[in-house]
Structures are given as C-alpha cells and as structure tokens.
Amino acid sequence: MYEHDKKKKRFREDIINKNKSFVPIIDNLEKMLSDIEGTFDEFTQLTKSGDPNSAEEVLSDLNTATDKLESYMDRIPKLYELISKEFVEQVDEIESGYNELKQKQYNFPNDQFVKTIKGIRDQLKVNTKKLENLEIDSVEKATQNIADRIDQMYDAIDKEFKARPDVEKHTKVIGEYIDHVRKQNGDLQLRLETLNKSYVLNHQEIENNHQYDQQISTIEKKYQNEVQQMKDGEAVFSTIQTDQKQMMKDLSQIESEQKALFQAAIKLPKQENAARSALAGFDLEMRNKKRRIDNHNLPGLSDTYQDAFAAVIREINHLDNAMNQPQIDMDDISKQLIIIQSDMDTLEEKTSQLIDDAVLAEQTIQYANRFISTNSEIAAASKTAQMYFDQKYDYEQSLSIISKALEKQSSGVFAKIKDDYFNSKKRSKSDNVAEEDQ
C-alpha cells in the first residue's frame, strides 16, 4: 500500500512538472491517474472490510493500471518531442534544402520529395491525435516509419550534393578519354587495313575493330546526352556519376583490347621474317644432308629413306609456296613450321643412322675379309652383307649380318670397331666446332 501511494504522488508530480511536454495529453493522463486513485481507494476499503479475495483481484488491476501509466509517463515525453519538434524541424530543414538545391539545378531520380514531405506532415498530425488518445504503441511504430522516410530524404539530398562535384570533375576527363580511344581505334583500323593486304587475318581483327567503334559511339552518345542534361539543368548527378564510372570502365576495357589487338597485329611481319629465316634454314639443312650422304659415295639409298627425304622436300616446297602468296596466312605457316621441324628432326636421326650403319658395315666387311679364306661362315656372311650393301642399300641389315658373324669368330672385335668409329666421329665433330669458333 505504501509503495502504491508513493507512485501516485510521483505520477502527480511528474504530470505537473512536465506539463509542457504533456499539454495535449494531460487530460487523459489525469483521468488514468484518477482511475488508479479510485482503484486504490477500493483496494483500501476491501482490505479494511476483511475481504482479502476481492482485495487481491482489485490489487491485480491496480498493478496493471499503475505499470501502464508508468510506461506511458516514460514513453510519452520522448514521442511528443519527436512528433511535435524534432520531426517538424527536420522536415522543414529538408524542404528548405530541397528547394535551395532545385534552384541550383539539382534534380532527383523519381522525385517524390513534395509528396513525401506532405505525407509526413499529415502523418505527424494523425499521430499527435493518437498520442492525445494514448495510442502509444501505434505512435511508436509510426515514428519509426517517419524516421526512416526522413533518413531516406536526407540521404537522397546528400547523395546528389556529393555527386555533382565528382561529375563535373570527370566530365572533361571522359570527353578526352573518348576522343583518345576513338583516335586510337582509327589508327588501329588503318594498321589492320594495311596488314590485310599482305596477311590473312584469322582472328576477327577487323570485325573486333568495327565493334570497338560501335561501342565507342554508344558511350559517346550517352555522354553527350548527359552533358546536354547538365547544360539544360535537368541532370540527376547521382545517376550520371554511376554512368560515368561505367563509361570509364568500358573505355578502359576497349583501350586494353585495342592494345592487345595492335600488339598481335604488329607481330605478323616479325613472324613472317622468322618464318622466312626458318625456311632458308630448312633448305640449307636439306642440302647439307644430301652433301653428307654424297660424301660417303654410297651405292644407293633405300626407298624408305628416299620417301622420307622427298616428303620433307615437299613440305618445304609447300611452305615456300605459302610464303609467296599475295596474302600470307601466318597461322597456317606457323603450323607448317612445327610439322617440318618435327619431320626434319626425324629425318636427321634417320640420316645419321644411315651413315653410321653404312660406314660401320663397310669397315666391318673390310675387317672380316681377312678371314674369308680361312672361315667359310664369315666368307658367306661377308658375301651376303655385301649384297645387302651394294644391291638393296640396306646398310642396317648388312651391318647386322657381318657384325654377328665376326663376333661369333672373335668376341669383342666388332665392339672395338664400333667404339673406334664413334670416338673418331666425336673428335671430328669437336674439331669442326673449334674451327667454326675461330
């Protein structure tokens, strides 16, 4: 009882002390307090009359009403301050700032400021009435909505205010960037047209160049439209700011692709020179192979080797023909170079093997001839080996026949002949390298 009495006195003092905050609401709060006092008196009377059950029910109602009034006394001043002062001042400030920016030719996307400001002011009147009627929960929910809408308007004003200097700064830069990229694309077009007379352009170089031109035109059209909007006072700077960022990104991408295309294009003459040098090298290497074989005065060459040699010659002639076309297809030529080099390497192995087998077969037959009068098996092997050498030009088989017969006669002899030959060959190669270095 004592605690409830204290709360009643405090509520009465708060209502009196904060009268300014509660002006429109004071009557309803007074009525709530009066109802609480009446309930308290009823509780006191029931307690004195010895009716504890009824008193307990009244006490529960009293506690509920007291808690509710205490909650209202805590929440109402803040809500009243918001809807009667803070929000009003903020809306007035936004309206003033909005009108000032409009006079300075600021614009807003999907501009709803006038409608929103009127809507908030109407909402404030409605919620002031609700506050008088103690619809506290409804008012609290509405104040959050109003606060959000006010924040959105502040953000929109701030966004446009900050966007303008950035847009004005970059407008000239983007105009110069567009001119630069367009000029670079024109230079690239001339370069490609010149190259297209001498080379087959397989990678849509000319089509890509035209596509860049179309992309630049699209960017330039949008840029010019927005420049005109600024001149006419119709520009939404935040929208233009977003567009300008994308323009810079797109122009940078185009410039990067232009450079890559230019670098690929200017490599074509260098690739051609390298290919012609390789072609001359192939021709010289084939002549040297033929000279190496001729120097050994062999009785002939097998059909298999001659076919391999002729195939490489045909490949070289085909490359030479491709290199002398009005338009050179460097992609095709590059593929041919790879194939020819691989076949040249294989032919070099076959040539070295052929010469090694022929020389070793000749030397081994000569060595074996000293035994033909005393060894019929070697005599027969020598005759057969000579036949493979002179008539079939199968020097590998000739060597195999005579070396096996000689090894059977005298183990290790052929290995020595072979070692001596390769050691001599190695010394000769070293001497040639030394002479070239001098």
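In the block above lies the structure referred to throughout.
Residues numbered from 1 in each chain as written. Predicted model: local features only at pLDDT ≥ 70, side-chain atom pairs only at ≥ 80, totals over all residues. Heavy atoms only, no water.

Draft legend 1. Quick peek at unusual backbone geometry. Not every positive phi belongs to a glycine, and Gln 204 is a case in point at roughly 55°. Tracing the backbone shows Gln 204 in the loop between α5 (136–198) and α6 (205–231). You will see that Asn 297, though not glycine, has its phi angle at about 50°, which is positive. Residue placement: Asn 297 occurs in the loop between α7 (237–295) and α8 (303–323). Judged by relative accessible area, which is 66%, Asn 297 ranks as exposed. (Helix = DSSP H or I, 4+ residues; strand = E, 2+ residues; numbered from the N terminus. Buried < 20%, exposed > 50% of the residue type's maximum accessible area, 1.4 Å probe, protein only.)

Draft legend 2. Layout of α8. For α8, which comprises 21 residues, the first-to-last C-alpha distance of 30 Å matches the rise-based estimate of 30 Å (1.5 Å per residue) to within 8%. The complete set of buried residues in α8 reads Tyr 305, Ala 308, Phe 309, Val 312, Ile 316, Leu 319, Ala 322 and Met 323. One side of α8 holds all its buried residues, which, seen down the axis, span an arc of 145°. Structural note: α8 exposes Asp 303, Asp 307 and Arg 314 on the side pointing more than 90 degrees away from its buried face. Taken together, the buried residues of α8 touch α7 and α9 (330–368). (Expected span 1.5 Å × (residues − 1). Arc of directions from axis to C-beta. Contact = heavy atoms within 4.5 Å.)

Draft legend 3. Main features of the side chain of Asn 107. Structurally, Asn 107 is set in the loop between α3 (52–103) and α4 (113–132). Asn 107 gets classed as buried once you look at its relative accessible area, which sits at 14%. Only 3.3 Å separates the side chain of Asn 107 from the side chain of Lys 102, close enough to count as a polar contact. A distance of 3.0 Å separates a polar side-chain atom of Asn 107 from the backbone oxygen of Ala 235. When neighbours within four sequence positions are excluded, Asn 107 is seen to be in contact with Lys 102, Glu 160, Gly 233, Glu 234, Ala 235 and Val 236. (Polar contact = N/O pair within 3.5 Å; in protein donor to acceptor, adjacent residues only side chain to side chain.)

Draft legend 4. The arrangement of the side chain of Asp 243 in detail. As for its placement among the helices and strands, Asp 243 is situated in helix α7. Non-local contacts of Asp 243, meaning those with residues more than four positions away in its chain, are made with Lys 222 and Glu 226.

Draft legend 5. Fine view of the environment of Ile 206. Along the polypeptide, Ile 206 turns up in helix α6. The exposure class assigned to Ile 206 is partly exposed, which follows from its relative accessible area of 26%. Spatially, the C-alpha atoms of Ile 206 and Leu 261 are 9.8 Å apart, while their sequence positions differ by 55 residues. Among all residues touching Ile 206, those that are not within four sequence positions of it are Leu 192, Asn 196 and Leu 201.

Draft legend 6. Just the packing of α9 against helix α10 (residues 376–392), in detail. The contact between α9 and α10 brings their axes to 10 Å, and the two run at 150°. Compared by their axis directions, α9 and α10 come out roughly antiparallel. The two elements α9 and α10 meet at a crossing, and its hand is left-handed. Here Ala 358, Ala 361, Glu 362, Ile 365 and Ala 368 of α9 come into contact with α10, specifically with Ile 378, Ser 382, Ala 385, Gln 386 and Phe 389. (Axes fitted to C-alpha atoms, helices over the stretch in contact; angles between N-to-C directions. Parallel < 35°, antiparallel > 145°, perpendicular 65-115°, else oblique. Left-handed = near helix turned anticlockwise from the far one by under 90°.)

Draft legend 7. Representation of the packing of aromatic side chains within the structure. This structure, assessed with the given rule, holds nine aromatic pairs. Between the aromatic rings of Phe 108 and Phe 113, the centroid separation amounts to 4.8 Å while the plane-to-plane angle is 50°, which identifies the pairing as tilted. Both rings, one in Tyr 421 and one in Phe 422, keep their centres 5.0 Å apart while their planes meet at 70°; by these two values the pair is edge-to-face. Under the relative-accessibility criterion, Phe 422 is labelled partly exposed at 32%. Joined through ring pairs, the aromatic side chains of Tyr 98, Phe 108 and Phe 113 make up one cluster. Over the ring of Tyr 106 we find Arg 164; its NZ or CZ atom is 4.7 Å from the centre of that ring. Here Arg 370 stacks its cationic end above the ring of Tyr 367, 4.0 Å away from the centre of that ring. (Phe/Tyr/Trp six-rings, centres within 6.5 Å; stacked < 30°, edge-to-face > 60°. Lys NZ or Arg CZ within 6 Å of the ring centre and 35° of its normal.)

Draft legend 8. Examining the pattern of salt bridges more closely. Evaluation of the coordinates by the stated rule reveals 19 salt bridges. We note a salt bridge from Glu 168 to Arg 164, for which the minimum N-O separation is 3.0 Å. Highlighted residues: Glu 168 and Arg 164, both in helix α5, separated by four residues, approximately one helical turn. A residue is classified by how much of its surface remains accessible, and Glu 168, at 44% relative accessible area, is partly exposed. Here Arg 276 makes a salt bridge to Glu 272, at a shortest N to O gap of 3.0 Å. Taken together, the residues span about one helical turn, with Arg 276 and Glu 272 both in helix α7 at a distance of four residues. On the accessibility criterion, Arg 276 (31% relative accessible area) is partly exposed. Looking at Glu 272, the relative accessible area reads 14%, which means it is buried. Through salt bridges with shared partners, a single network forms among Glu 285, Lys 289, Arg 292 and Glu 348. (Salt bridge = Lys/Arg side-chain N within 4 Å of Asp/Glu carboxyl O.)

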